[in-house]
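Read off the chains here:
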Amino acid sequence: MELIQNTSNLSAYLAADEAIDHDHPIVREVAERLAREAVDSYAYARLAFEFVRDTIPHSQDSGDLRVTWRASDVLKQRTGICYAKAHALAALLRAEDIPTALCYQKFDVVHGLVAVRFNGAWHRQDPRGNKPGVDAQFSLDGERLAFTPEPESNEMDYPVLYAEPHQAVLSVLKAAPDRPYLWKTLPTAL
């Protein structure tokens, strides 16, 4: 699948916005701590991915009813669904000047992940969080995502790489008072 940037301006994939608030002190603190452990930008990207995947539980898996959507809130509250975790990872990567896009897959509902740009190419990563049957890994040599769409089941990868969260995703996150409500309103397509 060919990934398509929704803007040709690469600096848009480094920008802060209301969801990817990489200028927030908590995002900066986590980014600086991870950067001290990394020997280069590749190592940093892997550390940031593993930090979000492994230390911030997916709220469905943990039973947490809170809904987060802003990267700083995800890092502070240590919870989020796939979209929120993607926002947190994007913020940590952009905080260290690694171009990062938001991208999506369609299953019963839309699933969120990120793509990082290294060596002139985009590489999708899924920080959702592992559990039995899910083994997402950071990889620049072939995708190791949480889920693989089955076209015969009307599932698909969306090829567009967004510089900002898709409005359909952001609006349901912002409107949800809790995860049970959110589950009823998740987008089923983009």
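Everything discussed here concerns the structure shown above.
What counts, and at which threshold
- Residues numbered from 1 in each chain as written.
- Predicted model: local features only at pLDDT ≥ 70, side-chain atom pairs only at ≥ 80, totals over all residues.
- Heavy atoms only, no water.
- Helix = DSSP H or I, 4+ residues; strand = E, 2+ residues; numbered from the N terminus.
- Expected span 1.5 Å × (residues − 1).
- Buried < 20%, exposed > 50% of the residue type's maximum accessible area, 1.4 Å probe, protein only.
- Pairing = 2+ DSSP bridges.
- Arc of directions from axis to C-beta.
- Contact = heavy atoms within 4.5 Å.
- Axes fitted to C-alpha atoms, helices over the stretch in contact; angles between N-to-C directions.
- Parallel < 35°, antiparallel > 145°, perpendicular 65-115°, else oblique.
- Left-handed = near helix turned anticlockwise from the far one by under 90°.
- Nonpolar A, V, L, I, M, F, W, Y, C, P; charged D, E, K, R; others polar.

Student: Summarise helix α5 (residues 82-95); cite the residues concerned and give the values.
Tutor: Over its 14 residues, α5 extends 20 Å from the first C-alpha to the last, a length consistent with the 20 Å expected when each residue adds 1.5 Å. In terms of burial, α5 is a largely internal element, 14 of the 14 residues being buried.

Student: I'd love a proper account of the pairing of strand β3 (residues 110-118), names of residues and values included.
Tutor: Where burial is concerned, most of β3 is hidden: eight out of the nine residues are buried. Here strand β2 (residues 100-106) runs beside β3; their pairing, made up of seven bridges, is antiparallel. Within β3, the position partnered with Q105 by the bridge is H111. Where β2 folds back onto β3 in an antiparallel hairpin, the turn is made up of three residues. Pairing of β3 with strand β4 (residues 121-125) involves five bridges; the strand directions are antiparallel. Bridge pairing in β4 links F118 to A121. Hairpin connection between β3 and β4: a loop of two residues separates the two successive antiparallel strands, and N119 in this loop has a positive phi of roughly 55°.

Student: Break down helix α1 (residues 25-37) for me, with residues and values.
Tutor: Turn by turn, an α-helix covers 3.6 residues, leaving residues three or four places apart pointing in a common direction. For α1, built from 13 residues, the straight-helix expectation of 18 Å at 1.5 Å per residue is met to within 8% by its first-to-last C-alpha distance of 19 Å. Among the residues making up α1, those that are buried are V27, V30, A31 and L34. Burial along α1 is one-sided: seen end-on, the buried residues are contained in an arc of 100°. The exposed residues of α1 that point more than 90 degrees off its buried face are P25 and R36. Contact partners of the buried residues in α1: α2 (41-55), α4 (71-77) and α5.

Student: Describe the sheet that holds strand β5 (residues 156-157), with residues and values.
Tutor: Strand order in the open sheet made by the four strands is β4-β3-β2-β5, with antiparallel pairing throughout. Every interior strand has two partners, whereas the edge strands, β4 and β5, have only one. Sitting on the sheet, α5 touches β2 and β3, and the angle it makes with β3 is about 15°.

Student: Outline the packing of α1 against α2, supporting the account with residue identities and numerical values.
Tutor: Two elements in contact, α1 and α2, have axes whose closest approach is 9 Å; the angle formed by their N-to-C orientations is 130°. As the angle between them shows, α1 and α2 are arranged oblique. Remark: the crossing between α1 and α2 carries right-handed chirality. Contact with α1, carried on its side by V30, A31, R33, L34, A35 and E37, involves Y44, L47, A48 and F51 of α2 and no other residues of that element. Of the residues that constitute the contact of α1 with α2, the class distribution is eight nonpolar, no polar and two charged.

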